[in-house]
Amino acid sequence: MIEQFFQTGGYFIEKQEHLYLLADAILFLCFLVFVLYLFIFAINSKRTPLYTYPVAKKKYRFAVLFPAYKEDQVILDSINSFLQQEYPQELYDIIVISNQMSPETIESLGNLPIKVVEVNSDKCTKIDALQKAIEYIEKENLRYDNVVILDADNVVDPSYLQKINDALYAGCSVLQTHRVAKNRDSSVAVLDSISEEINNSIFRKGHTRLGFSSALSGSGTAFEYDLFKETIEGCNGIGEDKYMERVLLFQNIYIEYLEDVYTYDEKVRGRKDFYNQRQRWLTTQFSNLLSGIFKMPAAMLKGKWDYCDKLFQWMMPPRVLLLGFIILIALILTVLDFVASIKWWSLLLLLGITFSIAVPDYLVDKKFTRAIIAVPSLFILMFLNIFRIGGRHFAHTRHSNK
């Protein structure tokens, strides 16, 4: 009887150990696939561009859209910056979709050579604003070849439209410019600017170097007018960039990345804004993943690898969670099973190498080293955001001219 008891206990312990090893192996394999994915595209971001675009023989007509919700502090600076374009002014119209801005701001905008579309709604999202702009263009019988989308805080270089025109003339239908931070005045802003450049290296530059489409960023984008009109009119959710990626890539429409065309974008400064912004992004990503996953088998059968690649990207955890979980698992296993922890520390090293490749040298400075201390708090905020996916959709990110 006693011998049977010990045999049963030994079997139970052996079974538990087997389950532990199996769980560790499965979890490690998942994280390894994610890290290798990032590493491969980070390495390829160092390759030379596949294409360069000569000066176009034709100048297209552009609609430049600025959705602006309560953006009194930044919109005038952004518009005045854009009006410095070297591109012929008669070939582009700036259209500000103004929502709940002050009468003084509206009056100041009215004194500039631009068009203003006024809406007044707490529930008017960026998608709603872009749809309102298309309604206005069609109602006024305006004619454009292409559309450029910018956020109210974005500023650009004088050669911006000319370089976009060159790429569109060469045959591009959709393109993403190189978004960079215009502020690094807090630890959160510094880390956000680094995150943006990692995205640029891996999901834009690295992808286009291997022949895949670039990811869209939500601003600093350009489209053929008819293509944009058709796509945005079908959007009825949140996150127009993710939605448009999903729709365009399923049609095998390539998205180009213009590395040398810069859109200067304001980064969030505080943890609360980071928390709310990332919650919105996670909800958008998860929503589009659920909407698109059912088409994945058909996409694979038809060789729509850009579409499949995009869905895989959306399955991956945010990088700060990836980093945090690998560190946590490695620390726990160091105490419980040092031998098992070695592979996790090795994976952490590979992820660190990946990030070091993806981050441009100009961002590695004293501000960066001081900002590292904020990473654990951002990991906690991102972890909490997992439980907020699908929560309230509209959370405005405040901007300032600070």
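Parameters and conventions
Residues numbered from 1 in each chain as written. Predicted model: local features only at pLDDT ≥ 70, side-chain atom pairs only at ≥ 80, totals over all residues. Heavy atoms only, no water. Buried < 20%, exposed > 50% of the residue type's maximum accessible area, 1.4 Å probe, protein only. Helix = DSSP H or I, 4+ residues; strand = E, 2+ residues; numbered from the N terminus. Pairing = 2+ DSSP bridges. Right-handed = clockwise from strand over helix to strand, strands pointing away. pLDDT = per-residue confidence, 0-100. Axes fitted to C-alpha atoms, helices over the stretch in contact; angles between N-to-C directions. Parallel < 35°, antiparallel > 145°, perpendicular 65-115°, else oblique. Contact = heavy atoms within 4.5 Å.

1. Quick word on the pairing of strand S2 (residues 92-99)
For S2, a buried count of eight out of eight residues is recorded, marking the element as mostly surrounded by other parts of the structure. Burial of the side chains of S2 extends over both faces: Tyr 92, Ile 94, Val 96 and Ser 98 are buried on one face and Asp 93, Ile 95, Ile 97 and Asn 99 on the other. Judged from the eight bridges that link them, strand S1 (residues 62-69) and S2 form a sheet pairing that is parallel. The residue of S2 that forms the bridge with Leu 65 is Ile 95. Handedness of the S1-helix H2 (residues 75-82)-S2 crossover: right-handed. Pairing geometry for S2 and strand S3 (residues 115-119), over five bridges, is parallel. Its bridge partner lying in S3, Val 96 is registered against Val 116. Remark: the S2/helix H3 (residues 103-110)/S3 crossover connection has right-handed handedness.

2. Observations concerning the confidence of the model for the protein chain
A residue-level look at the protein chain finds 92% of positions with pLDDT of 70 or above and a mean pLDDT of 88. The least confident element of the protein chain, judged by mean pLDDT, is helix H1 (residues 2-44) at 78; the most confident is strand S4 (residues 146-149) at 98.

3. Looking at the packing of H2 against H3
Two elements in contact, H2 and H3, have axes whose closest approach is 11 Å; the angle formed by their N-to-C orientations is 10°. As far as their axial angle goes, H3 and H2 are roughly parallel. Note on element contacts: H3 touches H2 through Thr 105, Ser 108 and Leu 109, opposite Ile 75, Leu 76 and Ile 79.

4. Side note on the sheet that holds strand S8 (residues 255-265)
The strand order across the open sheet built from eight strands is S3-S2-S1-S4-S7-S6-S8-S5, with neighbouring strands paired in mixed fashion. Two strands bound the open sheet, and with one partner strand each, they are S3 and strand S5 (155-156). Taken together, the eight bridges between strand S6 (residues 174-181) and S8 define a ladder with parallel strand orientation. Bridging across to S8, Ala 181 finds its partner in Asp 265. Seen against the sheet, helix H6 (residues 187-209) touches S6 and S8 and runs at an angle of roughly 160° to S8.

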